[in-house]
Amino acid sequence: MVAETCTDYFQRYRRQAHVTPKSYLSFIGGYKSIYDTKRQEIGQLAERMNTGLKKLIEATQSVNELSKELAVKEMELDVASKKADEVLAEVTSSAQAAEAVKGQVQKVKDKAQKIVDEISVDKAKAEEKLEAARPALEEAEAALQTIKPAHISTVRKLAKPPHLIMRIMDCVCLLFQRHLDSVYADPDRPNSIKPSWTEALKVMAASNFLQALLTFPKDTINEETAELLQPYLQMEDYNIETARKVCGDVAGLASWTQAMVDFYSVNKEVLPLKANLAIQEAKYEAAMKDLNKAQAQLDEKQRELDVVQALYDQALREKQVLVDDANACRRKMNNATALIDGLSGERIRWTEASKGFEAQIGRLVGDVLLATGFLSYAGPFNQEFRNSTMFVWKKQLTRNHIPFSDDLNIISMLVDNATISEWNLQGLPNDELSVQNGLIVTKAARYPLLIDPQGQGKAWIRNRELNNELQITNLNHKYFRTHLEDALSLGRPLLIEDIREYLDPALDNILERNFIKSGSTFKVKVGDKEVDVMTGFRLYITTKLGNPAYTPEVSAKTSIIDFTVTMKGLEDQLLGLVILTEKKELEAERTKLMEEVTANKRKMKELEDNLLYRLTSTEGSLVEDESLIQVLRVTKETALEVSEKLNVAAETEIRINHAREEFRPVATRGSVLYFLIVEMSMVNVMYQTSLRQFLQVFDISMARSTKSPITQKRIQNIVDYLTFSTFSYTVRGLYEKDKFLFTILMTLKIQMQAKVIKPEEFQCFIKGGAALDLNAVEPKPKKWISDMTWLNLVELSKLGHFIQILSQVARNDKGWKDWFDSAAPEESPIPDGYGTMLSTFHRLLLIRSWCPDRTLPMAKIFVAEVMGRQFAEGVILEMEAMWNESNSRTPLVCFLSMGSDPTENIEKLAKAKGIRCGAISMGQGQEVHARRLIGQLMAEGGWVLLQNCHLCLDYMDELLDTITAAETIHDSFRCWVTTEVHPKFPINLLQTSIKFTAEPPQGVKPGLKRTYGLISQDQLDISNMPQWKPLLFVVAFLHTTVQERRKFGPIGWNIPYEFNQSDFTSTVQFIQNHLDDMDIKKGVSWNTVRYMVGEVQYGGRVTDDYDKRLLNTYAKVWFGEHIFADNFQFYNGYKIPKCRTVEEYKAFIDSLPTVDSPETFGLHSNADITYQTNMANEMLETTVSIQPKDSGGSGGETRETVVYRLADDMLEKLPLDFIPHEVKERLKKMGLLHPLNIFLGQEIDRMRKVVSSVRNTLKDLKLAIDGTIIMSENLRDALDCMYDARIPSAWKKISWESATLGFWFTDLLDRNAQFHSWLFEGRPNVFWMTGFFNPQGFLTAMRQEITRAHKGWALDAVVLDNDVTKMSKEDVVTPPAEGVYIHGLYLDGAGWDRRNSRLMEPSPKVLYTPLPIVHVYAINAERRKGSSLYECPVYKKPRRTDLTYIFPLLLKTSASFDPDHWIRRGVALLCDTK
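What follows concerns the pattern of salt bridges. What the rule picks out here adds up to 50 salt bridges. Here Lys739 and Glu736 are joined by a salt bridge, their closest N and O atoms 3.6 Å apart. With Lys739 and Glu736 both in helix α25 (residues 736-753) and 3 residues apart, this pair spans about one turn of that helix. Among the salt bridges present, the one from Lys1213 reaches Asp1209, with a minimum N-O distance of 3.4 Å. A residue pair is termed a helical-turn pair when its members lie 3 or 4 positions apart in one helix, as Lys1213 and Asp1209 do in helix α47 (residues 1199-1213) at 4 residues. Put simply, Lys568, Glu571, Asp572, Glu661 and Arg664 are held in one network by salt bridges that share partners.

Structural data, given as C-alpha cells:
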C-alpha cells in the first residue's frame, strides 16, 4: 500500500519516496516498542485509577467507624482529666518546699562566686606583671642552655681567670646566698671589689651547678640580695657583649644574673598579690563547703519533686494520648469527608476512564499500527497525502476487522499539548504539518533527514538543542569526522546541515545503529575507528534541496521528513512578523500568553499525575495520610487558579486573534508572493531565493511603507509596497524571457487568491484547447479560423461567460474576422457585445484563444489594470542601488546569457566610486589566485570579480564559507560573481546572494547605443579614409541585426548563434587594416570584405548552410560602393549618418525609432507575429510545466479521471493494427520490388510500431490507474504528458514532433489513413508528404523510379526538379506521367501569387500560406539557376535544423523581388506548421 502511495506521490508531485524491506523491519521494531510503551502506560494508568477508586471507597467506609471510635475516646478523656488534677495538687506543695531551699542555696552560691571573681582579678593582675618579665627570663635561660659542664670545668682550671668572670661568679654566689669574702678594693683593678673566687670555685664544683641555675627558685630573691648585686651590675663592662669577649662560653651567666635582678623588680609587686590570693582561696574553700551542704539539701528536695512530677507527667501523657487520639479521629473524619468531596469529580471521571481502559487496550493494536505506520512512512509526504494515506489505512484495518479508535489523533496519542507548545516557542511553526514533522523527528525509530529548503526545521532543532551543546557541521567541513566522533563520545546532539543527494559512508553504522555492547556502554565503528556512544547523542540531518531524489538506501537508513514550509504555515509566521512590527505589545502579550498557557497546562498535568501517584502509592488507609490531603488542597486551589487563568487566556486570545486577523491580508499576500518565487526555481534552477531573503524584503516593506492611523489604509500601503518591492527584487534576478512570466503569474495568483479568477479559468488560460482532438469536436465553421484557434474556442466555451461563443462565431463570422484582422484586436471593440460584458481577464482569455501573438500585449494591459503600470513596464537594473543594498558578506551573482557580460559595468561603477576592483576568470587551477585576491581585498578593502564561476563549482562552497565565516572583513569589500546556468551551482550561495542579469539590449537603437558606447573618439579618428566611418557604422548595424534576428526564432536564424562583442571588434580591426593597406586607385576590395565578414569574422560561427547563405547575402547587399550614396538606407529611417564625433553618432542613434519593424532586419512584419506567438507559447508552456501536478480539471476531477477518459476516447478512435501477412500480400500484388512500394512497406512497419505502442500504453495506463498493475516510469510520464496535453516521451521517440497531443493524434489518424488507402486502394494521385516518417526516402524512391524508366540514366546524375501547379488537392484526378504530386506544404515568410505562380509578400497576419500542388520529378541535367528562381528549403517542422530538412524546391519570383530579398525574409516551406 505504501509503495503504491509512493508511486502516486511521485506521479503527482514528482517527489520520490521509497519503501524498502529495511523500512518495513524498522516499522515492525517501532510497532513493538510503541505498543509496549502504550500498553504499559495505559496499564499503569488503569492500575493507578483503579487503586485510587478503591482507596476512595475505603475512605467512605472509614467515616462511620471513625464517628463511633470518637464517642468512646471522649469518655476516656474525661476520667484521665480528673486523675491528672489530683496529682497536680501534690506536685504544687512539693515544688514550694523545694523552692525555699533553692533560695538559701542560691545566696551561698552567690557569696562563693563573688570570692571567685575577686581571686580572678588578682590572679590576672599578677600574671600580667609576670608576663612582662618573661622575655628576659627566657633569654637568660636560653643563655644558660649554651653553657656546658666542660665550659665550667675549663673556667675552674684557670690559674688567673679574667676579672669579669670572677665578678659574675660573685653575683651567682650572692643569688645562691653563699658566703663572700669581706669587701675591699681589688689591687689589680681600681674601683672594683676584690672577687671571692674561692667560694665561687666551690659553687662551680657542685655537680648540679648548671641544673641549680636552671631550677633557681626566683621567689627567694629579696631586697637585700638585689641591693648587694647593684654595684656589680652597674659596672660598665658588666654586660653580655663584654662577657662574650672575655668569658666566651660562660658569658650566659652574666645575662642570667641581670635577668634575676630584673625579675625581682617585678616580682616584689606580685608577691603581696600572691599572699592575698592564698587568703582568698582559703575563704573560697570554706564557702564551697557551705555550698555543697546546701546543694545536698536542694538535691534531696528536688528528688522528692521529681517523683511527684513524674506522676503528674504520666497523668498528663495519658490525657494527651486520649486528646491526640480524639483529634486524629476527628481529623481523619474531616480528611475522609474532604477527600470524598474533593475527588468527587475525579471519581466520576476515573470510573468512566477505568471502564474505557479495557476497550482502549483492545483498540491499541490498530491505534499503534496507524501511529507506527505514520512515523515510519508519512515523513516524505505532504499534508494531503498523509491524510489520504491514513484514510486508506483505516479502511484496510476495518476490512480486516482490526480494532482502532475512530477519533484517533496521532499527535495527541504520541505527544502532549504542553510539549507541542514548547516546540512552538522554540520556533516550530504551529500548523498541523509542522507539528507532525516535529513528532516524527522526536519519535521515529530512525535518525531524521529533514528536507528543509527554508531552514525552518534547522532553526527549530538549533533552539531545541541550544542547551545541550549542539554541534553543527556539514559533510564538506574539514573537521567533519572530528565533529562526528566528539558528538558520539561526549553524548552531544549533532546537526549535519545542507547535504546534497548522498551521505558519507562513515555514517552508515551510526544510521543503522550498529552499536557494539562493551561493558555497560556501547561503541560504534566510524570508518576504521571505534568510538564510544554516550546516551545524549542524537543525530539530525538537513538539506536545502527542494526536491532531492534520495536513493532507496538513504530512505531505508534515515527517516526522511518533508519540512517544506506550507502556505498556511508561512502565512501564520508572516502574520506574527506583521503584528510584531505593527502591534508590538499585542504580539508580546500573545507570546507571554502562550508561555503561560503552556506552563499552566503542564502544571495541571503534573498536579493530576502527582495526585494520582499519591493516591496509589499511599500505604494503608487514605484518611491517615495528612500530606495527601495537603496535596489535594493545593491541587484543587492551583487547578482553580489555573482554570481561571486558562479562561482569561482564552478570552485574551480571542481578543488578540481578532486584532491580528485585521492584518492577515498582508501575511496572505506575502505567502502568495513567496510561493510564487519558490515556483520560479522550477523555471530555472538558478532562481533560488531563501525564506530569509524574502523576510528581509518583507521587513523592509513594513518599515518603509507609508504609515497611517487608519488600519485598513496602513494594511493597503504595506501590501502595495511589499508587492512592488518583492516584484523588483525578484525580477532583477530573472532572465528577460522570464520577467513577464513572473509578472503575469504574480497577477494571476493574487487574483486567484482573492477568488476573482477561478481555477478552471486559469487552466483555460495556460492550456487553451491543447488537449482536445480536432476530430472529436464540433467542426469549425470557416476555413480562415486556424485549427488551434478553434480548439481554444471549444475549450473557452466550457466557461460560463463564453457558453454561446461557438454558435456566435458561426453566425457572425464576418464580424469576428474583421476584429481578428485588426492591427490590435486587444484595443478593438469585440463583436456580439463581448466588449462591454467582459472583464479585462476574460478579454485576455478571448485574445489568448484567437490571437496568440497579441497575448502578451493584452496580458500587459491586464497587469497594468490589476497591479499598476509600474508592474507592466518592468524594472531597470540600477547597479549602484544594488551595490548600496549589498554588504561585505553578501555576494552579488550575475547570470550570464548569450552576448552578455557585466564586467565593464562593474568596473565602471568601481572606478566611479574610487574602489579597487580585481577580476579573475575562473577555471581549472584558478582557485589559488582567487583565494589570494579575496584574502587581500577582504583585509584591505575593494571588489573582487570572479568570472565564469560555472567552470569552478567546487570552489563556490569554499567561497561562501570564506565570506560568511571570516572574523573581520573590510566594509568596502564586495564579491561579484558571474556564472552561466548550471544545475549543480550551490543553492546556498544563490540563496545568500543578490542576483541580477545583464542581458544585451534588444532593438537597433539600444544595440547601436551600446556599440558606440564602447567606441572612443580616438578609435573613430584612427583612419582618415572616407570609407572608414560609414563602414564602421555598417558593421555596427550588421552586429545589431545578426543579434536581433535571433529573437524571431527559425525565420531569423535556423540556429541561434552566440554573436558577441569579439565578432564586432575583430571585423572592425580587419576593416581598419584593409583600409590602411588599400591601394587608393583600386579602392576597397569588396569581394575580400564580403568574404571576411560572411565566411570568417561572423561566418566563422555559422554552421548551417542556409544561415551561411543569409549572412553572405547581408555582406553582399550592405558592403559595396552603393552604401556611400546619399540615398542608401538599410530600411526606411535607418541610413548611414555623416558624423565626425562619437557624440554626433550617439545623437543620431537617439533619433532612431524606439520600436523596430522586423523589416529593418530584412524580415516581413508578420515575423513579429511569430515572435510574439512564440514568446506567448513559451510563457504558457513554462507555466504549465511548473504547475503542481495535483490540480484537478474542471469540476474537481482528479488527474487520473481526466487521463482515464482521454485514454478511453483515444483507444476508441485508434485505427486497427496492420496485419503483417496482409500487408505482404498487398505489396506483392502492387510489385514488391518497386521503389515506392518498398518505401511504403518501411513506412507501414514504423506506423505499426507507433499504433501498437500507443495502444499498449493506453491499455496499461488504464490498468495502472485502476491499481491492477504498477505504474511504471513510462506510464507515469504518459499520465503527466496526457494531462498537460503533451506527447508522452515513449511515443515521441518512435514517431514525430507536434505542438500538442491533440494535433499529434490527429496526425496519427491522417497518416494511418494515407498508408491504408495507398495499400488497399492503390497508389494515390497526390501524396501528403507530411505524413511520411522519411520524406527523403520517398523522394529517393521516386528518383529511382524515374531513373529506371529512362535507359542510360544514372541515379547519381539525376537531380530533383519541380513545378508549382495551380491545382488544389481536389483538382487532381490523375497522377502525373512522371514524378509525384505533393500537397500539404506551407510557405513561411512569404505569400503565393496563384495567378502568376510566384512568390509575393504575404498578407498581414497570414503566417503560413498553403502552396498549391507541387509536381516533383527528376531530370538528368544540371539543376536550374537564375535571378528569377529562389531555392527554397523544405522542412518537416517549423523548427529548422538538419534533422528536419528534406530538400530544396525552386520557386519563381518577380523582377521586383530578387532571391536575396526572400533569403533575408527567411522564406522556407514547411510540411507542418504545428
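The rest of the description comes next.
This paragraph deals with the sheet that holds strand β6 (residues 516-518). Reading across the sheet, the 3 strands line up as β6-β7-β8 and stay open at both edges, with antiparallel pairing between neighbours. A strand with exactly one partner marks an edge of an open sheet, and here the two such strands are β6 and β8 (529-533). Strand after strand, the sheet turns through a mean of 40° between neighbouring axes, direction not considered. Bridging between strand β7 (residues 521-526) and β8 involves 5 bridges; their strand directions are antiparallel. Of the residues in β8, the one forming a bridge with Lys525 is Glu530.

So, on to the nonpolar core. Within the largest apolar cluster, 130 residues are counted, with the highest numbers of intra-cluster contacts made by Phe1119 and Met1329. In contact with Phe1119, other than residues within four places in its own chain, are Leu1031, Val1034, Val1035, Leu1038, Ile1071, Trp1086, Val1089, Arg1090, Val1093 and Tyr1114. Counting residues in each nonpolar core, the second largest holds 116 residues, with Tyr674, Leu722, Val777 and Leu793 among its members.

What follows is about helix α45 (residues 1142-1150). Burial in α45 covers these residues: Val1142, Tyr1145, Phe1148 and Ile1149. Viewed along the axis of α45, the buried residues span an arc of 120°, placing them on a single side of the element. Along its buried surface, α45 packs onto α39 (1004-1013), α40 (1017-1020), α41 (1028-1044) and β17 (1134-1135).

For the protein chain, the mean per-residue pLDDT works out to 85, and 97% of the residues sit at or above 70. When the elements of the protein chain are averaged for pLDDT, helix α1 (residues 2-13) gives the smallest value, 74, and strand β28 (residues 1468-1470) the largest, 95. Per-residue pLDDT stays below 50 along residues 1191-1195; that stretch engages in 8 contacts with residues further than four places along the chain or on separate chains.

A few words on the packing of aromatic side chains. For the coordinates displayed, the defined rule picks out 67 aromatic pairs. Between the aromatic rings of Phe727 and Phe742, the centroid separation amounts to 6.5 Å while the plane-to-plane angle is 20°, which identifies the pairing as stacked. Note that Phe727 is positioned in helix α24 (residues 711-731) and Phe742 in helix α25, a separation of 15 residues in sequence. Phe742 gets classed as buried once you look at its relative accessible area, which sits at 0%. Residues Trp1086 and Phe1124 carry aromatic rings whose centres are separated by 6.0 Å and whose planes lie at 45° to one another, so their mutual orientation is tilted.

So, on to the sheet that holds strand β5 (residues 493-499). Strands in a sheet are paired, the pairing made by backbone hydrogen bonds, and the direction either parallel or antiparallel. Pairing is parallel across the open sheet formed by 5 strands, whose spatial order is β4-β5-β9-β3-β10. A single partner strand is all that each edge strand has here, and the edge strands are β4 (471-473) and β10 (559-562). Adjacent strand axes in the sheet meet at a mean angle of 20° when their direction is disregarded. Bridge count between strand β3 (residues 448-451) and β10: 4 bridges; the pairing is parallel. Bridge pairing in β10 places Leu450 opposite Ile561.

Let's shift gears to the environment of Trp790. Note that Trp790 resides in helix α27 (residues 787-796). Distance from Trp790 to Ala703, taken between C-alpha atoms, is 51 Å for residues 87 residues apart in sequence. Excluding its chain neighbours within four sequence positions, the residues that come into contact with Trp790 are Val777, Glu778, Pro779, Lys780, Pro781, Ile785 and Leu806.

Attention now goes to the pairing of β5. Burial runs high along β5: 6 of the 7 residues are buried. Note that the unit made of β4, helix α16 (residues 480-490) and β5 has a crossover that is right-handed. Sheet analysis places β5 next to strand β9 (residues 538-543), joined by 5 bridges and oriented parallel. Its bridge partner being in β9, Ile496 is matched across the sheet by Ile541.

Moving on, we get to the packing of helix α49 (residues 1235-1266) against helix α52 (residues 1301-1321). Each pair of packed helices gets described by two things: the angle between the helix axes and the distance between those axes. It is at 10 Å that the axes of α49 and α52 come closest, and there the two elements cross at 140°. The angle between the axes of α49 and α52 places the two elements in the oblique class. Considering only the axes of α49 and α52, their crossing is left-handed. Along the contact surface, α49 presents Leu1236, Asn1237, Phe1239, Leu1240, Glu1243, Ile1244, Met1247, Val1250, Val1251 and Val1254, while α52 presents Trp1304, Leu1308, Arg1311, Asn1312, Phe1315, Trp1318 and Leu1319. The residue inventory of the contact of α49 with α52, partitioned by class, reads 13 nonpolar, 2 polar and 2 charged.

Attention now moves to unusual backbone geometry. Positive phi, normally seen in glycine, also occurs at Gln177, with a value near 55°. Residue position: Gln177 is located in the loop between α4 (163-175) and β1 (185-186). Gln177 gets classed as exposed once you look at its relative accessible area, which sits at 53%. For Asp832, which is not glycine, the phi torsion reads 55° and is therefore positive. Within the secondary structure layout, Asp832 lies in the loop between α29 (813-821) and α30 (834-837). The class of Asp832 is partly exposed, set by a relative accessible area of 32%.

Let's shift gears to the pairing of strand β26 (residues 1429-1435). For a regular strand, side-chain orientation follows a simple rule: the groups alternate between the two sheet faces. With 6 of 7 residues buried, β26 lies mostly within the body of the structure. Summarising the sheet, β26 and strand β27 (residues 1445-1452) pair through 7 bridges and their orientation is antiparallel. Bridge pairing in β27 places Pro1433 opposite Pro1448. As judged from the 2 bridges shared by β26 and β28, these two strands associate in the parallel manner. Bridging across to β28, Tyr1435 finds its partner in Leu1470.

For Asp853, the location among the structural elements is in the loop between α31 (840-850) and α32 (855-866). Within the buried set, Asp853 has no salt-bridge partner at all; the shortest N-O distance to an opposite charge, 4.6 Å, is to Arg854.

We now examine the state of the cysteines. Disulfide: a covalent bond formed between the sulfur atoms of two cysteine residues. If you walk through the whole model with that rule in mind, you get 0 disulfides. We note that Cys917 lacks a disulfide partner, and the nearest cysteine sulfur, in Cys975, lies 10 Å from it.

What follows deals with the environment of Asn468. Looking at the element boundaries, Asn468 is found in the loop between α15 (456-464) and β4. The spacing of Asn468 and Phe537 is 69 residues in sequence and 9.9 Å in space, taken between C-alpha atoms. Residues contacting Asn468, with those up to four places away along its chain left out, are Arg492, Pro493 and Arg538. Here Glu465 takes part through its side chain, which lies 2.6 Å from a polar atom of the side chain of Asn468.

Calculation rules
- Residues numbered from 1 in each chain as written.
- Predicted model: local features only at pLDDT ≥ 70, side-chain atom pairs only at ≥ 80, totals over all residues.
- Heavy atoms only, no water.
- Salt bridge = Lys/Arg side-chain N within 4 Å of Asp/Glu carboxyl O.
- Helix = DSSP H or I, 4+ residues; strand = E, 2+ residues; numbered from the N terminus.
- Pairing = 2+ DSSP bridges.
- Axes fitted to C-alpha atoms, helices over the stretch in contact; angles between N-to-C directions.
- Core = buried A, V, L, I, M, F, W, Y, C linked by side-chain atoms within 4.5 Å.
- Buried < 20%, exposed > 50% of the residue type's maximum accessible area, 1.4 Å probe, protein only.
- Contact = heavy atoms within 4.5 Å.
- Arc of directions from axis to C-beta.
- pLDDT = per-residue confidence, 0-100.
- Phe/Tyr/Trp six-rings, centres within 6.5 Å; stacked < 30°, edge-to-face > 60°.
- Right-handed = clockwise from strand over helix to strand, strands pointing away.
- Parallel < 35°, antiparallel > 145°, perpendicular 65-115°, else oblique.
- Left-handed = near helix turned anticlockwise from the far one by under 90°.
- Nonpolar A, V, L, I, M, F, W, Y, C, P; charged D, E, K, R; others polar.
- Lys, Arg positive; Asp, Glu negative; His and termini not counted.
- Disulfide = S-S within 2.5 Å.
- Polar contact = N/O pair within 3.5 Å; in protein donor to acceptor, adjacent residues only side chain to side chain.

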